[in-house]
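# Secondary and tertiary structure notes
Below, each chain spelled out in residue letters.
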Amino acid sequence: MIEKIDTLVIGGGQAGLAMSYHLKRLGREHVILERGRVGQSWRSERWDSLMFQFPNSSIQLPGYTYESDDPDGYVPKDEIVRFIERYAAMIDAPVRCGLRAVALRKLVIEADLENTLVQGDAWFASLKKRMDDYAEKSGLAWSEEKLIEDPPPSLPRLSRPITELDLRSAGISSVVWCSGFRYDFAWVKLPILNDAGEPLHQRGVTQCPGLYFLGLRRTYAVSSALLAGVGNDAAFIAEHISTRQ
Ligand SMILES: Cc1cc2nc3c(=O)[nH]c(=O)nc-3n(C[C@H](O)[C@H](O)[C@H](O)COP(=O)(O)OP(=O)(O)OC[C@H]3O[C@@H](n4cnc5c(N)ncnc54)[C@H](O)[C@@H]3O)c2cc1C
């Protein structure tokens, strides 16, 4: 079946999912492209012992509040990953994982999941080797138990991945970048960045019709890049998309 979508959301973190919630609410067909997995940053870019920095009672995304017997407690980051996963399932978010957007005018997509996972495994293997070497050099007891494992099995190749999408001919009139508040948009060849490479926008709306940013620091308020705050800007952008089409 051929999909008909009018909005592309780049990034399947909390911002991309909040965006999806509000687009759905307004009946806008859309797809989320995610280079890894839903909530990838909370999975791979947070240290293991990180605790969410706000109490459990504050954990929420549009239409979904975290349930806890301990509203004043704090959860570890893995619980945030589970919360984001549950949210994606609850709103039935149309996420396509393993696809990384790498250019904008004509959207170029790399079917990157295999590569990303292989690179991650290689990095982890080299870390384990360094730990083993250190343990051996220092005569630590655990050097008996080598951490080095066999290389992971290779993943099946993706069949016919999409690698290029002509936005106009695909009927896509809006693109919302929800790729995190740390960014490098040097490859964006549109007049939407200032000299420092920062996106120019008003509450996420750029001067390039149909192009939006969500989840940037202070997109609108201090809470714009936070879990509980991103939904307000998502609602605003969804309304903007809805009224211009
Ligand atoms: C260390 C740390 C601790 C934090 N702690 C808290 C906290 O306790 N409470 C709180 O409210 N906030 C916290 N934040 C802030 C914020 O909530 C998180 O940064 C959150 O991850 C932002 O969500 P996001 O969806 O905007 O971006 P991200 O979670 O970064 O999601 C972006 C997604 O886009 C994907 N992506 C990126 N580029 C592309 C591309 N080109 N193509 C396809 N996919 C792409 C990524 O894989 C990722 O899944 C913390 C941030 C950091 C860095």
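Since the model is a prediction, treat every value here as computed from it, not as a measurement. (Residues numbered from 1 in each chain as written. Predicted model: local features only at pLDDT ≥ 70, side-chain atom pairs only at ≥ 80, totals over all residues.)

The subject of this paragraph is the site of the ligand. Near the ligand there are 28 residues, and of these Gly-11, Gly-13, Ser-41, Gly-180 and Gly-215 occur at the shortest range. Elements that contribute at least two residues to the shell around the ligand include exactly α1 (14–25), β2 (30–34), α2 (40–44) and β6 (99–103). By residue class, the composition of the shell around the ligand is twelve nonpolar, twelve polar and four charged. (Near = placed C-beta within 6 Å. Helix = DSSP H or I, 4+ residues; strand = E, 2+ residues; numbered from the N terminus. Nonpolar A, V, L, I, M, F, W, Y, C, P; charged D, E, K, R; others polar.)

Let us look at the confidence of the model for the protein chain. Put simply, the protein chain has an average pLDDT of 85, and 80% of its residues get 70 or more. Considering only residues more than four positions removed or in separate chains, one finds that residues 145–158, a stretch of pLDDT under 50, has eleven contacts. (pLDDT = per-residue confidence, 0-100. Contact = placed C-beta atoms within 7 Å.)

A few words now on the sheet that holds strand β10 (residues 211–213). One open sheet holds the five strands; their spatial order is β5-β2-β1-β9-β10, and the pairing between them is parallel. The sheet is open, and its two borders are formed by β5 (95–97) and β10, each paired with just one other strand. The mean inter-strand angle of the sheet, taken between neighbouring strand axes irrespective of direction, is 20°. Here strand β1 (residues 7–10) runs beside β2; their pairing, made up of four bridges, is parallel. In the strand pairing of β2, Thr-7 is matched with His-30. (Pairing = 2+ DSSP bridges. Axes fitted to C-alpha atoms, helices over the stretch in contact; angles between N-to-C directions.)

What follows deals with the environment of Gly-63. Along the polypeptide, Gly-63 turns up in the loop between β3 (60–61) and β4 (64–65). C-alpha separation for the pair Gly-63 and Met-90, spaced 27 residues apart in sequence, amounts to 9.6 Å.

It is worth spelling out the nonpolar core at this point. Counting 41 residues, the largest nonpolar core has Ile-10, Met-19, Val-176, Leu-214 and Ala-234 as its most contacted members. Counting only elements with at least two residues in this core, the list comes to β1, α1, β2, α3 (77–90), β6, β9 (174–177), β10 and α5 (230–244). Element by element, the count of residues in this core is highest for α1, at six residues. In this view, Val-176 contacts Thr-7, Val-9, Ile-10, Met-19, Tyr-212, Leu-214 and Ile-237; residues no more than four positions away in its chain are not counted. (Core = buried A, V, L, I, M, F, W, Y, C linked by C-beta atoms within 7 Å. Buried ≥ 20, exposed ≤ 12 C-beta atoms within 10 Å, placed from the backbone.)

Packing of α1 against α5 brings their axes to within 8 Å, and their N-to-C directions diverge by 45°. By the angle between their axes, α1 is oblique relative to α5. For the pair α1 and α5, the crossing hand works out as right-handed. Contacts between α1 and α5 involve Gln-14, Ala-15, Ala-18, Met-19, Tyr-21, His-22 and Leu-23 on the former and, on the latter, Val-230, Gly-231, Ala-234, Ala-235, Ile-237 and Ala-238. (Parallel < 35°, antiparallel > 145°, perpendicular 65-115°, else oblique. Left-handed = near helix turned anticlockwise from the far one by under 90°.)

In summary, the side chains of a regular strand alternate between the two faces of the sheet. Alternating positions in β9 separate into two faces, Ser-174 and Val-176 on one and Val-175 and Trp-177 on the other, with burial throughout. Of the strand pairs in this sheet, β1 and β9 are connected by four bridges, and their pairing is parallel. Note on β9: the bridge partner recorded for Val-9 is Val-176. With three bridges joining them, β9 and β10 adopt parallel strand pairing. Looking at β10, one finds that Trp-177 is bridged to Phe-213.

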